[in-house]
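Here are the chains, one letter per residue:
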Amino acid sequence: MNFEFTEEQLMIQKAAKDFAERELLPGIIERDDNATFPAEQIKKLAELGFLGMMTDPKYDGGGMDTISYVLAMEEISKHDSAVAVVMSVCNSLVNWGLETYGNEAQKEKFLKPLARGEKIGAFLLSEPEAGSDATSQRTTAEDKGDHYLVNGTKNWITNANCASTYLVIAQTNPEKKHKGINALIVDKNAPGITLGPHENKMGMRSSDTHSVMFTDVKVPKENRIGDDGFGFTFAMKTLDGGRIGIASQALGIAAGAFERALKYSRERKAFGTEIFNHQAIAFKLSDMAVKIENARNLCLKSAWLKDQHQPYGIASAMAKQYCADIAMEVTSEAVQIHGGYGYVKEYHVERLMREAKLTQIYEGTSEVQKIVISRSLLK
Amino acid sequence: MKILVCISNIPDTTTKIKFVNNNTAFDITGVQWIINPWDELALTRALDIKDAQPNTIESITVINVGLVDAEPTIRKALAIGADKGIRINADPKDSYFVSYQLAEVIKKENFDIILCGIESFDYNGNNVGGMLSEMLNLPSVSSVSLLDIKDGKVELKREIDGGQETVSTQVPFVAIVQKGIAKEPRIPSMRGIMGARTKPLQVVEPAAADIFTEFAGFDLPKAKATCKKIDPENVKELINLLHNEAKVI
């Protein structure tokens, strides 16, 4: 066991912290209020290499480990989860999926510009009637010989508008059920793709979420990832890693709320003393600290397993479920500690509470994580 | 041109200051170490000039007097963009010792521009830049808030009472830089961080030097008095407290 971070990991953590405080915190309330996509902030994040930080340098990425990614995601998410989710989708889903399962030509053409941060990716799995049940894909990719013809609708797609490269999960052979599903690399500007309006969300309001409609969209055969019918396995394997990103995001939301609540408790006075000196508040902060420490350890354990090339699907499901659930609890307590100030926007904790809710829902609800975890108990 | 930036390894500016050994030594337990902010801004300006005029600036080197635990700070400078690091393997005892060690190494090299932050945020000595230029017998410009190179000539602006002074100087020279030299320090990129270990970090053994000072003791500032709030209507109470308690009127 070694709980020490390397010099590089600490430097990445500090870089992410500095970036979040300097570039993300200013204007965050207005961006959230107006649901303004943080285009300038994402551009700077990309220039620093955060969007392709785990991709192998031979494909123009940063070549960093998953531990570094967890540390960076936590720091970014303490302030702006709408930015953190772009980072998570790019690193965990799109880049990792392409690097692990794409062929060399696909990596050269699609992965390199993504890893350099010149382009942004999106992962299109959810549908109006296929969220947690990802086997029920209604979007079709009809085999037309040298190309696929894609038709259908994808829902809740993060980066739908800002992305250039889509990874689309679609059904080619319905009779084979989930073994008939394919994963396709699709140019967002291909004819036949239209976007629904920007979703007016409860939290992470400035992230770029739309539904995406496909009408007779031609996708060349060489854009299929893996063999025919590999799409469902591709999606599930990719989501295993995606959970680490969202778990770290939830951890960051909780830690950000905790840090603000701790600071406030040492400044705000009631009954003649700082409210931290009241046991009712101190014990709340103690409980929050324990939950955050547990959450951080689960994130780092699953990241470590991934870096050691050991199975990490169950560990990442545990991390995702626990971190998301405690993020909800911790942010709610942070609002409570702030009292009336917590309920107004200037103190940030109400926003973090709204952001926390989404981490229990997307990239596998907490309930779906429990299915994954409980099934593993019988093996 | 070759630029050298002298960097100090100091405690993070948010560190809670404590002392040990009967208040004669700073307690480094749990301290995070950073590049002295003035030195980091000097490095930032050097990098800005190199980015804008890559053909003019041949290299940027950072130098530090410190023990091995200062290396992460030097590598941070390399991650930000410096080309080479030099560590003089000695505990930085005082300003004279640090200046002497720096001068002994710099004499053997041929740097054109030597940058020092105006002071370090830990001991606030405000000495090294001036001492160093004297030991090297080089011209120095203090309180520099702007450094530029135009058509191969160095232009500096320095802060003076009520305004600014524009100075041009021959190279080599020492510039002691302060607020305004660069807007804000750079955040290292992922590639910069991963590439830092592959950049040269030369370790030089120190020269024999006298140490003229020792720390007799440190004292923390007295705790601030608590703030008393007085009703704006109650002027009598305000006068009473200012007279009898604060004793300022």
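Small disclaimer: the values here were computed from a predicted structure and weren't measured. (Residues numbered from 1 in each chain as written. Chains lettered and ligands numbered in written order. Predicted model: local features only at pLDDT ≥ 70, side-chain atom pairs only at ≥ 80, totals over all residues.)

**Focus: the overall build of chain A**
When helices and strands are tallied, chain A shows 11 helices and nine strands. A compact globule built from 379 residues should have a C-alpha radius of gyration of about 21 Å, and chain A, at 21 Å, falls within 12% of that. When the backbone C-alpha atoms are referred to their principal axes, chain A occupies close to 80 × 45 × 40 Å. The 379 residues of chain A split such that 54% are buried. In chain A, 74% of the contacts between residues at least 6 apart in sequence involve partners at least 24 apart. (Helix = DSSP H or I, 4+ residues; strand = E, 2+ residues; numbered from the N terminus. Rg over C-alpha atoms; globule rule 2.2 N^0.38 Å. Buried ≥ 20, exposed ≤ 12 C-beta atoms within 10 Å, placed from the backbone. Contact = placed C-beta atoms within 7 Å.)

**Quick word on helix α5 (residues 81-101) of chain A**
All names here are of chain A. Relative to the 30 Å expected for 21 residues at 1.5 Å per residue, α5 spans 28 Å between its end C-alpha atoms, a close match to the ideal helical length. In the structure, α5 departs most strongly from a straight axis at N95, where the bend amounts to approximately 35°. Taken across its 21 residues, α5 has 19 buried, putting it largely inside the fold. (Expected span 1.5 Å × (residues − 1). Bend = angle between axes of the 7 residues up to and from the residue.)

**Concerning the nonpolar core**
With 176 residues, the main nonpolar core has A:A254, A:C299, A:C323, B:V5, B:L115, B:A175 and B:V177 as its most contacted residues. Ranked by residues supplied to this core, first place goes to helix α7 (residues 231-267) of chain A with 16 residues. In contact with A:C299, not counting residues within four places along its chain, are A:V70, A:I244, A:A247, A:S248, A:L251, A:A319 and A:C323. (Core = buried A, V, L, I, M, F, W, Y, C linked by C-beta atoms within 7 Å.)

**Let's talk about the sheet that holds strand β7 (residues 84-89) of chain B**
Pairing between the strands of a sheet is mediated by backbone hydrogen bonds and can be parallel or antiparallel. Residues and elements named next belong to chain B. The sheet built from nine strands is open, its strands ordered β11-β10-β9-β12-β8-β1-β6-β7-β13 with mixed pairing. A strand with exactly one partner marks an edge of an open sheet, and here the two such strands are β11 (163-169) and β13 (201-204). Between one strand axis and the next, the sheet turns through 30° on average, direction left out of account. As paired elements, strand β10 (residues 153-160) and β11 share seven bridges and run antiparallel to each other. Counted as the bridge partner of E155 is S168 from β11. Strands in contact with helix α4 (residues 128-136) are β1 (2-6), β8 (113-117), β9 (140-150) and β12 (173-177); relative to β12, the strand with the most contacts, it is inclined by about 175°. (Pairing = 2+ DSSP bridges. Axes fitted to C-alpha atoms, helices over the stretch in contact; angles between N-to-C directions.)

**Focus: the domain arrangement of chain A**
Residue and element names in this part refer to chain A. Splitting chain A by domain gives domain 1 (7-115), domain 2 (121-232) and domain 3 (234-377). One C-alpha centre belongs to domain 1, the other to domain 2; they are set 22 Å apart. Contacts between domain 1 and domain 2 engage 22 residues on the former and 19 residues on the latter. Listed by contribution, the elements that provide at least two residues to the side of domain 1 that touches domain 2 are α2 (28-34), α5 and α6 (104-115). Among the elements that line the side of domain 1 that touches domain 2, the one with the most residues is α5, at 11 residues. (Domains from an automatic or database assignment.)

**Focus on helix α10 (residues 349-359) of chain A**
Within α10(A), nine of the 11 residues are buried, which leaves the element mostly enclosed by the surrounding structure. Taken together, the buried positions of α10(A) are occupied by A:V349, A:E350, A:R351, A:L352, A:M353, A:E355, A:A356, A:L358 and A:T359.

**Let's talk about the interface of chain A and chain B**
Each side of the interface is counted separately: chain A has 14 residues, and chain B has 11 residues. Of the residues in the side of chain A that touches chain B, the class split is eight nonpolar, three polar and three charged. (Nonpolar A, V, L, I, M, F, W, Y, C, P; charged D, E, K, R; others polar.)

**Remarks on unusual backbone geometry**
Residue and element names in this part refer to chain B. The step from V171 to P172 runs through a cis peptide bond, and the omega angle for that step is 0°. With respect to the helices and strands, P172 occurs in the loop between β11 and β12. Even without glycine at this site, N22 takes up a positive phi of about 55°.

**Comments concerning the packing of α7(A) against helix α9 (residues 313-338) of chain A**
Residues and elements named next belong to chain A. Running from amino to carboxyl end, α7 crosses α9 at an angle of 20°, the nearest separation of the two axes being 8 Å. Relative to α9, α7 is oriented roughly parallel. Considering the relative orientation of α7 and α9, their crossing is left-handed. Within the contact of α7 with α9, the residues separate by chemical class into 20 nonpolar, six polar and four charged. (Parallel < 35°, antiparallel > 145°, perpendicular 65-115°, else oblique. Left-handed = near helix turned anticlockwise from the far one by under 90°.)

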